[in-house]
Amino acid sequence: METLLRGAPVRDAIDGEIKLRVKKLKAEGCDPMVATFRIGDDAGEQYYEKAVIKRASEYGFDCKVVVLPEDVSQEEAEAALRALNENERIHGILMLMPFPKRIDSEALTSLLSPEKDIDAITDTSYSNLFTNKKDGFFACTAESCMEILRHYDVDLKGKHVVIVGRSLRVGKPLLMMMLNANATVTVCHSRTKEGDLRRALYNADIVVLATGLTEYYGPEFFRDGQIIIDVGTGRGKDGKMAGDFDSKSWEQDKDPEHLCYTPVPGGVGTVTTTLLLRNVVKAAERKQRNQ
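Because the structure is predicted, anything quoted here is derived from the model rather than measured. Sequence order as written defines residue numbering, which begins from 1 separately in each chain. Residue-level local features of this predicted model are given only where pLDDT is at least 70; pairs of side-chain atoms are given and counted only at 80 or more, and the full residue set underlies all totals for whole chains, interfaces and linings. With hydrogens and water stripped out, all remaining heavy atoms of the structure feed into the side-chain values.

*Asks:* Provide a residue-level description of the overall build of the protein, including the pertinent values.
*Replies:* Numbered from the N terminus, helices here are DSSP runs of H or I no shorter than four residues, and strands are runs of E no shorter than two. Counting its secondary structure elements, the protein contains 10 helices and 10 strands. Only the C-alpha atoms count toward the radius of gyration. The rule for a globule is 2.2 Å times the residue count to the power 0.38. Relative to the 2.2 N^0.38 estimate, which gives 19 Å for 291 residues, the radius of gyration of the protein is 20 Å and therefore close to what a compact globule would have. If one aligns the C-alpha atoms of the protein with their principal axes, the spans along those axes are about 55 × 45 × 35 Å. Using a 1.4 Å probe on the protein chains alone, a residue whose accessible area is under 20% of its type maximum counts as buried, one over 50% counts as exposed, and one in between counts as partly exposed. Split into buried and exposed, the 291 residues of the protein put 50% on the buried side. Across the protein, contacts joining residues at least 24 apart in sequence account for 72% of those joining residues at least 6 apart. Values of accessible area rely on a 1.4 Å probe in the Shrake-Rupley scheme; residue burial ignores everything except the protein chains shown. Per element, the accessible surface of the protein, about 14,000 Å² overall, is 50% carbon and sulfur. For the protein, the centre of its 40 positive side-chain charges and the centre of its 45 negative side-chain charges are spaced 2 Å apart. For this analysis, residues touch if any pair of their heavy atoms sits within 4.5 Å. Positive charge is attributed to Lys and Arg, negative charge to Asp and Glu, and no charge count is given to His or to the chain ends. By convention, charge coordinates are those of NZ in Lys, CZ in Arg, CG in Asp, or CD in Glu.

In structure tokens:
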């Protein structure tokens, strides 16, 4: 296996699949369409929105962009989301979060149509994951981890996987995905004792780091032969984007060829937007079947 488990080859393989499926849908008279829903002008949300619009254009999707002012009322926000739910042309809705604190995010999430929940944030999507429903929508960052492992022919059956982080967007859904793939899974988090964390990481076959502790996990946590999936994104000691895994220290202290890991940038995040838009295709195909 390669030392660096890069996301680009995974993304490119999925790109080809998406384009074929979109071509088939268009031949059947269906034009996939995604909508983005944003409140305010958060720079990070705008960056993600632009990435989605650009990728959607590359696939031949239409994209409806809804931006509400920072001072929008709860009632107005809910009315705008209902309009997207009821728009028959729209197959998937991406709610760019977090919303301003005075907005009831849970109310908006519960209002989102599960059939258009391409980012897998509704209760229905979580239920589909727990019941291992194959055609459901799943959290895209967590699913990106799984796609990378599949692409690089990592068989999870019987492997000991340690996930560090228990967020609703990564750690918890990834726990279920790994269990559904017949891995044995340990979840560590901010309340795990340091000694227990170190033992778990050292003894794991595969480690997923999703803590937001940039460059915290150095060579002392790991051993040769492991696979590390790094979901973290932050600014490293040199000011550049980096993950939770301190890959620079590993390369200085160890033989880098004895460990496989996803780089940051260029790893998990590279695949995530592609999976989001694959869910739009899935939603469009489902609607076609049900007509």
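Next comes the rest of the account.
*Asks:* Describe the packing of aromatic side chains, and please don't skip the residues or the numbers.
*Replies:* We call Phe, Tyr and Trp rings a pair once their centres come within 6.5 Å, taking the six-membered ring for Trp, and we label the pair stacked below 30 degrees between planes, edge-to-face above 60, and tilted otherwise. Considering all chains together, one arrives at 9 aromatic pairs under this definition. Ring geometry for Y217 against F221: centres 5.2 Å apart, planes inclined by 65 degrees, an arrangement best described as edge-to-face. For the pair Y217 and F221, one class covers both residues: buried. Charge-over-ring contacts are defined here by two conditions on Lys NZ or Arg CZ: a distance within 6 Å of the ring centre and an angle within 35 degrees of the ring normal. The ring of F221 has R198 sitting right over it, with the charged end atom 4.4 Å from the ring centre. Over the ring of F137 we find R286; its NZ or CZ atom is 4.8 Å from the centre of that ring.

*Asks:* Account for the sheet that holds strand β3 (residues 92-95), with residues named and values stated.
*Replies:* Taken in spatial order, the 3 strands line up as β2-β1-β3 in an open sheet, and their pairing is parallel. The outermost strands of the open sheet, each flanked by one partner alone, are β2 (62-68) and β3. Going across the sheet, the axis of each strand differs from the next one's by a mean of 20 degrees, ignoring polarity. When DSSP finds two or more bridges between two strands, those strands count as paired. Where strand β1 (residues 33-39) lies against β3, 4 bridges are found, and the strand directions are parallel. In the strand pairing of β3, T36 is matched with L94. The sheet strands contacting helix α3 (residues 74-86) are β1, β2 and β3, and the helix crosses β1 at an angle near 175 degrees. All axes here are fitted lines through C-alpha atoms, helices being fitted over the stretch that makes contact, and every angle between N-to-C directions spans 0 to 180 degrees.

*Asks:* Outline the environment of D230, listing residues and values.
*Replies:* Looking at where D230 falls in the secondary structure, it is placed in strand β7 (residues 227-230). In this structure the C-alpha to C-alpha distance between D230 and G212, which are 18 residues apart in sequence, comes to 10.0 Å. Not counting residues up to four positions away in its chain, the partners in contact with D230 are L209, G243, D244, F245, T262, V264 and V268. Counted as a polar contact is a pair of N or O atoms within 3.5 Å, where, for protein atoms, one must be capable of donating a hydrogen and the other of accepting one, and residues adjacent in sequence contribute only when both atoms are in side chains. Among the polar contacts made by the side chain of D230, one reaches the main-chain amide nitrogen of G232 at a distance of 3.1 Å. Among the polar contacts made by the side chain of D230, one reaches the main-chain amide nitrogen of F245 at a distance of 3.0 Å.

*Asks:* Run through the environment of S190, naming residues and quoting values.
*Replies:* Along the chain, S190 turns up in the loop between β5 (184-188) and α8 (194-203). On the basis of relative accessibility, which here comes to 59%, the residue S190 falls in the exposed class. Residues S190 and R38 lie 152 residues apart in sequence; the distance between their C-alpha atoms is 31 Å. A polar contact of 3.4 Å, which involves the side chain of S190, links it to the side chain of R191.

*Asks:* So what about the pattern of salt bridges? Which residues, and what values?
*Replies:* Salt bridges, as used here, are contacts in which a Lys or Arg side-chain nitrogen is within 4 Å of a carboxyl oxygen on Asp or Glu. Enumeration according to the criterion identifies 22 salt bridges in this entry. When the shortest N-O distance is used, the salt bridge between D12 and R11 registers 3.2 Å. Residue class for R11 comes out partly exposed when judged on its relative accessible area of 21%. Here E147 and R278 are joined by a salt bridge, their closest N and O atoms 2.8 Å apart. Placement of E147 in helix α6 (residues 140-151) and of R278 in helix α10 (residues 268-290) is noted, with a sequence separation of 131 residues between them. This pair shows no difference in class: E147 is buried, exactly as R278 is. What emerges from the salt-bridge pattern is a single network uniting E17, R21, E143, E147, R150, R278 and E285.

*Asks:* Explain the nonpolar core to me, and be specific about the residues and the numbers.
*Replies:* Residues enter a nonpolar core if they are buried and are Ala, Val, Leu, Ile, Met, Phe, Trp, Tyr or Cys, with the set joined through side-chain atoms within 4.5 Å. By size, the foremost hydrophobic cluster in this structure holds 50 residues, and its most contacted members are F61, L174, M178 and I229. Of all the secondary structure elements, the ones that give two or more residues to this core are α1 (8-27), α2 (43-59), α6, β4 (160-164), α7 (171-180), β6 (206-209), β7 and α10. Considering every element that reaches this core, the biggest residue donor is α10, with 8 residues. Those residues in contact with F61 that lie beyond four places of it in its chain are V22, P32, V34, A56, L277, V280 and V281. Core analysis: the second largest hydrophobic core is formed by 19 residues, V72, A80, I90 and L108 among them.

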